[in-house]
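Listed below are the residues making up each chain.
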Amino acid sequence: MIEMKNVYFSYNGKEALSNISFKMQEEFVAIMGPNGSGKTTLIKLVMGLLEPEKGEIKVFGEEPKKVMEYIGYMPQRDAIARHFPIRVRDIVLMGIHKKKFYARKDIEKARETLKAVGLDLWNELFSELSGGMQQRVLFARALVKEPRLIILDEPFNAVDLPSREKMLEILKEKRKEGIPIVVVVHNINPILHEIDKVLLLNRRMIAYGNPKEALNEQNLKKAYGSDVQIIVCDEGYCHPLIGDTHA
Amino acid sequence: MLDEYIIRAIVALILLAVNASIAGSFTIFKNVPFLIAGSAHSALAGSALFIFLEMYGLSINPIIGAIIFAVFVAISASFSKQMNVAIGISFAFSMSIAVLFISLIKEQASRVWGLLFGDLFLLTNHDIILMATMTTFIIIFFLVFHKEFLFISFDPEGAMAYGIKVKYFTHLLLSLIAISTVVMMKAVGAILAYAMLIAPAAAANEKAKSILQVFGFSALIASVSIFSGIIISFLLPVSPSAMSAIFATSFYFAFRKF
């Protein structure tokens, strides 16, 4: 349902992505790589927010721009304005913004989605919530439109443990329902056992596949440019110990 | 019986409060306060140019020139990745044009200075009709597109991903703010339009607990400031616009969270 063939992209002549090719079906895929490796650029290409310089991208067999409405997207929290008193309800309802006026069922749906992500909030100010709660509100906004594809950019960044657990629980449910999920992460460890595939990126594709195979010392060194300490757990997953946090 | 000029000042007060509420609040949400200063001073250049053209037989209301130049700043800002830099450059360019034409129109220059300082008591019926028309136009656009404007102010990237034409709505939003600035200028002048559009909304933003409250509080703060300015100007020989701007900015300092 997402297919990239030999995709290239650059910002003002500076190469951001080079020769990216991969396919994903109804799977849970994590995109991982160091700062500036092109992770966010890659998902923007998938959503049709950027046009590739070369190559072809198909989402559900169509040009990305044609399927925007099927995607539930959660951007990085840092990219969001928090300097004015916007309420939780206003944000979740943005997920169904195409309607000029909200019907009672839209309001109910938004409230139910908030409850599903573990938040019994409605009129509270977004700026007064904790980082984890803010992430969950944005997550609810991505879910309220009942997307056919979920794309999350750093959803677990600066998130408390209960929020992370709740979000993961929902992602697992969506995965069971056959909804494909793409998650950009810096720290893959919280989701390593849940994902179907990992895409290791550093401007070019270092590895793509089952996390047990794709995440190894050699590939991590290629992606991060130096040795990355790892711990291999009982289930055989290679957990990278990356102290890198998002810029 | 109230004098006509007082009635006009009161009507202007209501129109200014509406503009301070709608355009001022979105200026704060979109975080482009410098746009007001840029648009207001560019509007001066537009007026000066149209007054200059009048001398050569092309008689068009200078306010049209003011709107064209103010919108030019808004559009050039919304095209730029560094909005404040684009506004600053347009501001400098427009002021150069303004000074150039003011030097050419000599005996008519006082009309441009009128726009620089403004005066609530010197408004004509024609001015009020023009301000009311522009304000109605602004209200309609904000009522129709408030959701889009809010989304692009809160999360432009997310808005794009949700199918909103962010560039188009940014052009529209900044242009409406620029037009609102011209409405303000007619009454309080280019210098104080900045204070009257930004300060009430900024003060309201510090206290409000919802978007609607920002609109309500900023309208209230603007009304109280302008009304107080008018009252004081009756008691003392001072400019009502200046007093209004001092009150409006004082509200911000009083409400500001440290």
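Check the entry above for the structure.
Note that the structure is a prediction, hence the values are computed from the model and not measured.

Draft legend 1. Layout of the overall build of chain B. From N to C terminus, chain B includes 10 helices and zero strands. Start at the N end of chain B and walk to the C end: the helices and strands fall as α-α-α-α-α-α-α-α-α-α. Considered along the principal axes of its C-alpha atoms, chain B spans approximately 55 × 40 × 35 Å. Sequence-distant contacts, at least 24 apart, represent 75% of the contacts inside chain B between residues at least 6 apart. Within the structure as shown, chain B displays about 10,900 Å² of accessible surface, and the carbon and sulfur contribution to it stands at 73%.

Draft legend 2. Representation of the interface of chain B and chain A. At the junction of the two partners, chain B supplies 25 residues and chain A supplies 32 residues. Across the interface of chain B and chain A, roughly 2,400 Å² is buried in total on both sides, 60% from carbon and sulfur atoms. Counting the surface chain B buries against chain A, the share from its top three residues, B:K147, B:F154 and B:Y162, is 35%. Applying the counting rule to chain B against chain A returns three salt bridges. Put simply, B:D155 and A:R141 hold a salt bridge, and the shortest N to O gap is 2.5 Å. Where chain B packs against chain A, one counts 11 residue pairs in polar contact (both at pLDDT 80 or more). Breaking the side of chain B that touches chain A down by element, the ones donating at least two residues are α1 (4-29), α6 (125-154), α7 (156-161) and α9 (211-235) of chain B. In terms of residue class, the side of chain B that touches chain A is built from 14 nonpolar, six polar and five charged.

Draft legend 3. How the structure looks around helix α4 (residues 83-105) of chain B. Residues and elements named next belong to chain B. The end-to-end C-alpha distance of α4 is 32 Å, a good match for the 33 Å that 23 residues give at a rise of 1.5 Å each. Here α4 has its buried residues at M83, A86, I87, S90, F91, S94, I97, A98, F101, I102 and I105. Where α4 is buried, its residues meet α2 (34-54), α3 (62-79), α5 (109-117) and α8 (166-207).

Draft legend 4. Focus on the nonpolar core. Ranked by size, the top nonpolar core spans 187 residues in total, and within it A:I188 and B:F149 carry the most contacts. Take this core: its biggest share by element is 27 residues, from α8(B). Residues within four places of A:I188 in sequence aside, it is in contact with A:A30, A:M32, A:I195, A:V198, A:L215 and A:P240.

Draft legend 5. Layout of the packing of aromatic side chains. For the structure shown, the criterion picks out 25 aromatic pairs over all chains. On the basis of an interplanar angle of 65° and a centroid distance of 6.1 Å, the ring pair of B:F29 and B:F215 is categorised as edge-to-face. Here the residue B:F29 occupies a position in helix α1, and B:F215 occupies one in helix α9, the gap between them amounting to 186 residues. Residue B:F215 is classed as buried on the basis of its relative accessible area of 19%. When the ring of B:Y168 is compared with that of B:F169, the centres are 5.1 Å apart and the planes differ by 80°; the resulting orientation is edge-to-face. Through a chain of ring-to-ring contacts, the aromatic side chains of A:F84, B:F26, B:F29, B:F137, B:F141, B:F142, B:F145, B:F149, B:Y168, B:F169 and B:F215 assemble into a single cluster.

Draft legend 6. Region of the structure containing the layout of surface pockets. Empty space within the second largest pocket amounts to approximately 650 Å³. Forming the boundary of the second largest pocket are 24 residues, of which A:D90, B:H146, B:L150, B:I211 and B:L212 lie nearest the centre.

Draft legend 7. Quick peek at the side chain of B:R8. You can see B:R8 is positioned in helix α1. The buried category is assigned to B:R8, whose relative accessible area is 17%.

Draft legend 8. Highlighting the packing of α2(B) against α8(B). All names here are of chain B. For the pair α2 and α8, interaxial distance at closest approach is 8 Å and the crossing angle is 80°. Classed by the angle they form, the pair α2 and α8 counts as roughly perpendicular. Contacts between α2 and α8 involve F34, L35, I36, A37, S39, A40, H41, A43 and L44 on the former and, on the latter, L174, I177, A178, T181, V182, M185, A190, I191, A193, Y194, L197 and I198. Classifying every residue of the contact of α2 with α8 gives 18 nonpolar, three polar and no charged.

Conventions used here
- Residues numbered from 1 in each chain as written.
- Chains lettered and ligands numbered in written order.
- Predicted model: local features only at pLDDT ≥ 70, side-chain atom pairs only at ≥ 80, totals over all residues.
- Heavy atoms only, no water.
- Helix = DSSP H or I, 4+ residues; strand = E, 2+ residues; numbered from the N terminus.
- Contact = heavy atoms within 4.5 Å.
- Areas by Shrake-Rupley, 256 points an atom, 1.4 Å probe, with all protein chains shown as cover.
- Buried area = accessible area lost by both parts, 1.4 Å probe.
- Salt bridge = Lys/Arg side-chain N within 4 Å of Asp/Glu carboxyl O.
- Polar contact = N/O pair within 3.5 Å; in protein donor to acceptor, adjacent residues only side chain to side chain.
- Nonpolar A, V, L, I, M, F, W, Y, C, P; charged D, E, K, R; others polar.
- Expected span 1.5 Å × (residues − 1).
- Buried < 20%, exposed > 50% of the residue type's maximum accessible area, 1.4 Å probe, protein only.
- Core = buried A, V, L, I, M, F, W, Y, C linked by side-chain atoms within 4.5 Å.
- Phe/Tyr/Trp six-rings, centres within 6.5 Å; stacked < 30°, edge-to-face > 60°.
- 1 Å grid on protein atoms, 1.4 Å probe; cavity = no way out; pocket = protein on both sides within 12 Å on 5 of 7 lines; lining within 4 Å.
- Points joined across faces, edges and corners; volume = space filled by probe spheres on them.
- Axes fitted to C-alpha atoms, helices over the stretch in contact; angles between N-to-C directions.
- Parallel < 35°, antiparallel > 145°, perpendicular 65-115°, else oblique.

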